[in-house]
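# What the coordinates show
Residue-level listing of the chains:
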Amino acid sequence: MNETPKEVETVVAQEIEQPLNLEQQVTVKSIAGWTTGFARMLTVGDVTIPSRGSIRLSRNEIISQVHNNNNLFNGIDGRGSHATLIIEDAPTIDEVGFNTESQFSDKLVRDLFAIRDQNEFEDTLKNKIVTRAEKYALIISILKQELNDFSKIRFCETYTGYKLGKVEQDEKNIR
């Protein structure tokens, strides 16, 4: 049986629009340099995530946490901006309507360090790195990526209150 292009488009569209599997486990990563956690909503018990660790949770649990205003997921604006816990699953992020542009990442730090003008760097960094967890994650990212710009690093240490050498030593002691 030969299908017309319109019929093929309809079949493809139906395959794409499958309902979201709420039981699927997705990874959630903490950017904090300390243990974070929260009470589960859909099952019994608590979730504990170690310093800069990750955990697998069901999409259903994540969506429930977001809808019940868990600031670890929701960040400072309720839309995931500057969140401590980063959802690493695009369909879940889309479902909760988060803005991933305002979430911490190593790419964000690389982009910040690519800014040539020191004043522009400082102003932009102050807008992009806001929370205590992001400030700690910034220093870790600088170490991990081996970024090397004295004036920018010195500003980051002053702004965050974390010293590169101290954080590096703490991380060695933890791991």
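Residues numbered from 1 in each chain as written. Predicted model: local features only at pLDDT ≥ 70, side-chain atom pairs only at ≥ 80, totals over all residues. Heavy atoms only, no water.

## Observations concerning the pattern of salt bridges
Inclusion rule: In the sections that follow, a salt bridge refers to a side-chain nitrogen of Lys or Arg positioned within 4 Å of a carboxyl oxygen of Asp or Glu. Labels follow the DSSP assignment, with helices taken as runs of H or I lasting at least four residues and strands as runs of E lasting at least two, numbered in each case from the N terminus. Using a 1.4 Å probe on the protein chains alone, a residue whose accessible area is under 20% of its type maximum counts as buried, one over 50% counts as exposed, and one in between counts as partly exposed.
Per the counting criterion, the structure on display carries 6 salt bridges. Among the ionic pairs, E88 bridges to K29, the shortest N-O distance being 3.8 Å. Residue E88 is found in the loop between β5 (85-87) and α4 (90-96), and its partner K29 is found in strand β1 (residues 25-30); the two are separated by 59 residues along the sequence. Judged by relative accessible area, E88 falls into the partly exposed class, the value being 44%. Note on K29: relative accessible area 31%, which makes it partly exposed.

## Considerations on the pairing of strand β3 (residues 46-49)
Worth spelling out the cut-off: Pairing between two strands requires that DSSP report at least two bridges joining them.
Going residue by residue along β3, you find V47 and I49 tucked away on one face and D46 and T48 left uncovered on the opposite face. Where strand β2 (residues 36-39) meets β3, 4 bridges bridge the pair, whose relative direction is antiparallel. Residue pairing in the sheet places A39 in a bridge with D46 of β3. If you look at the hairpin formed by β2 and β3, you'll find 6 residues sitting between the two strands, and G45 has a positive phi there, around 115°.

## Focus: helix α2 (residues 59-67)
Here is the rule we go by: Any two residues whose heavy atoms approach within 4.5 Å are treated as being in contact.
Counting buried positions over the 9 residues of α2 gives 7, a clear majority of the element. Looking at α2, one finds that the buried residues are R59, E61, I62, I63, S64, Q65 and V66. Taken together, the buried residues of α2 touch β1, β2, β4 (54-58), α3 (71-74), β5 and α4. The first or second residue beyond α2 is N69, which carries a positive phi of 60°.

## Examining the layout of surface pockets
Put simply, the rule is: Computed over the protein atoms alone on a 1 Å grid, cavities are sets of points where a 1.4 Å probe fits but cannot get out and pockets are open sets with protein on both sides within 12 Å along at least five of seven lines; a residue lines them when it has an atom within 4 Å of a point. Grid points are joined across faces, edges and corners, and a volume is the space filled by probe spheres set on the points. Here the nonpolar group is Ala, Val, Leu, Ile, Met, Phe, Trp, Tyr, Cys and Pro; Asp, Glu, Lys and Arg are the charged ones; every other residue, Gly included, is treated as polar.
Reported here for the largest pocket is a volume of approximately 170 Å³. Together, K29, S30, I31, R52, F104, S105, D106, A137, I140, S141 and K144 line the largest pocket. Every element with two or more residues in the lining of the largest pocket is listed here: β1 and α7 (132-145). Counting residues per element, the lining of the largest pocket draws most heavily on α7, which supplies 4 residues. Residue composition of the lining of the largest pocket, by class: 4 nonpolar, 3 polar and 4 charged.

## As for the packing of helix α6 (residues 118-128) against helix α8 (residues 150-160)
Threshold: As a rule, the C-alpha atoms of each element are fitted with a line to give its axis, helices using only the stretch in contact, and angles between N-to-C directions run from 0 to 180 degrees. Handedness of a crossing follows from how the near helix is turned relative to the far one, being left-handed for an anticlockwise turn of less than a right angle and right-handed for a clockwise one.
At a minimum axis separation of 11 Å, α6 and α8 run at an interaxial angle of 35°. Crossing of α6 over α8 shows right-handed handedness. From α6, Q118, F121, E122, L125 and K126 reach across to α8, where they touch S151, K152, F155, C156 and Y159. Residue classes in the contact of α6 with α8 are distributed as 5 nonpolar, 2 polar and 3 charged.

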